[in-house]
Amino acid sequence: MQPHSYVALVTIAAVLVYLWMGIRVGRARVKSGVAAPAMTGDPVLERHIRVHYNTLEWLPAFLVGLWLFAIYWNELFAAAMGVVWIVGRIVYALGYVADPKKREAGFLIQLLATAVLLLGAAGRIGWTAFAG
């Protein structure tokens, strides 16, 4: 069995970034004075919540693509695309919280990485299934 250590490290890093975003939500709650379970009342808190939730929305597609690409194509390339995804999510988070209009660059970076991983994995899996 191949261990896929690079992809495993990227997976852990992605989850740590997600946890970092959750901590930022908690800090924004304290700063704004908006206690849980309220989700509205302070624009900066709402942006932090949206960043955290949007990252959760993208994690399944990213992680599935990351692992399947590593298994069916190349682990190092998958790990590199995973790092690109993480950078995109951080750029997205920092931009969105500063000003929602500044979220596009980070969003596009992570979208591209996810698309490469998912479509690349799907293509290779399809090729393997039907050509073999």
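Everything discussed here concerns the structure shown above.
Attention here is on the structure that accompanies the text. Owing to the predicted nature of the structure, the values given are computational and were not obtained by experimental measurement.

A separate point is the nonpolar core. Ranked by internal contacts, the top residues of the largest apolar core, which has 25 residues, are Val-51, Phe-62, Leu-66, Ala-78, Trp-85 and Leu-117. Breaking this core down by element, the ones donating at least two residues are α1 (5–32), α2 (43–72), α3 (75–98) and α4 (104–131). Considering every element that reaches this core, the biggest residue donor is α3, with nine residues. If we skip the residues at most four places from it in the chain, Trp-85 touches Ala-14, Thr-55, Trp-58, Leu-59, Phe-62, Gln-110, Ala-113 and Thr-114. Within the second largest apolar cluster, five residues are counted, among which are Val-25, Ala-28, Val-34 and Leu-45.

Along its 28 residues, α1 runs 40 Å from first to last C-alpha, staying within 8% of the 40 Å computed at 1.5 Å per residue. Val-7, Val-10, Thr-11, Ala-14, Val-17, Tyr-18, Met-21, Arg-24, Val-25, Ala-28 and Arg-29 are the residues of α1 that are buried. Its buried side turned inward, α1 meets α2 and α3. One or two residues past the end of α1 sits Gly-33, with phi positive at roughly 80 degrees.

What follows deals with the packing of aromatic side chains. For the coordinates displayed, the defined rule picks out six aromatic pairs. Seen from their ring centres, Phe-69 and Phe-77 are 5.4 Å apart, and the 35 degrees between their planes marks the pair as tilted. Judged by centre distance (6.3 Å) and plane angle (50 degrees), the ring pair of Tyr-92 and Phe-107 falls under tilted. Of this pair, Tyr-92 sits in helix α3 while Phe-107 sits in helix α4, and the two are 15 residues apart along the sequence. Assessed through its relative accessible area of 25%, Phe-107 is described here as partly exposed.

As a further point, take the packing of α1 against α2. Where α1 contacts α2, the two axes come as close as 9 Å, and the packing angle between them is 170 degrees. When the axes of α1 and α2 are compared, the pair comes out roughly antiparallel. Residue composition of the contact of α1 with α2, grouped by class: 18 nonpolar, six polar and two charged.

Definitions and limits used
Residue numbers restart at each chain and count upward from 1, following the sequence in its written direction. Whole-chain, interface and lining totals are the exception, using all residues; otherwise, since this is a predicted model, local features are given only for residues with pLDDT of at least 70 and side-chain atom pairs are given and counted only at 80 or more. Excluding hydrogens and water, the side-chain values take into account all heavy atoms of the structure. We define the nonpolar core as a collection of buried residues of types Ala, Val, Leu, Ile, Met, Phe, Trp, Tyr and Cys that are connected through side-chain atoms lying within 4.5 Å of one another. Buried means the residue's accessible area, taken with a 1.4 Å probe over protein chains only, is under 20% of the maximum for its type, while exposed means over 50%, and partly exposed covers the values in between. Helical segments are the DSSP runs of H or I of at least four residues, strand segments are the runs of E of at least two, and each set is numbered from the N terminus. Any pair of residues with heavy atoms lying within 4.5 Å of one another is described as a contacting pair. Take the residue count of a helix, subtract one, and multiply by 1.5 Å to get its expected span. By convention, a stacked pair of Phe, Tyr or Trp rings (six-membered ring in the case of Trp) has centres within 6.5 Å and planes under 30 degrees apart, an edge-to-face pair has planes over 60 apart, and any other such pair is tilted. Every axis corresponds to a line fitted to the C-alpha atoms, with the helix fit spanning only the stretch in contact, and the corresponding angles, defined between N-to-C directions, vary from 0 to 180 degrees. Oblique is the label for every angle not falling under 35 degrees (roughly parallel), over 145 degrees (roughly antiparallel), or within 65 to 115 degrees (roughly perpendicular). Side-chain classes follow a simple rule in which Ala, Val, Leu, Ile, Met, Phe, Trp, Tyr, Cys and Pro form the nonpolar group, Asp, Glu, Lys and Arg form the charged group, and the remainder, Gly included, forms the polar group.

These figures capture arrangement, not role.
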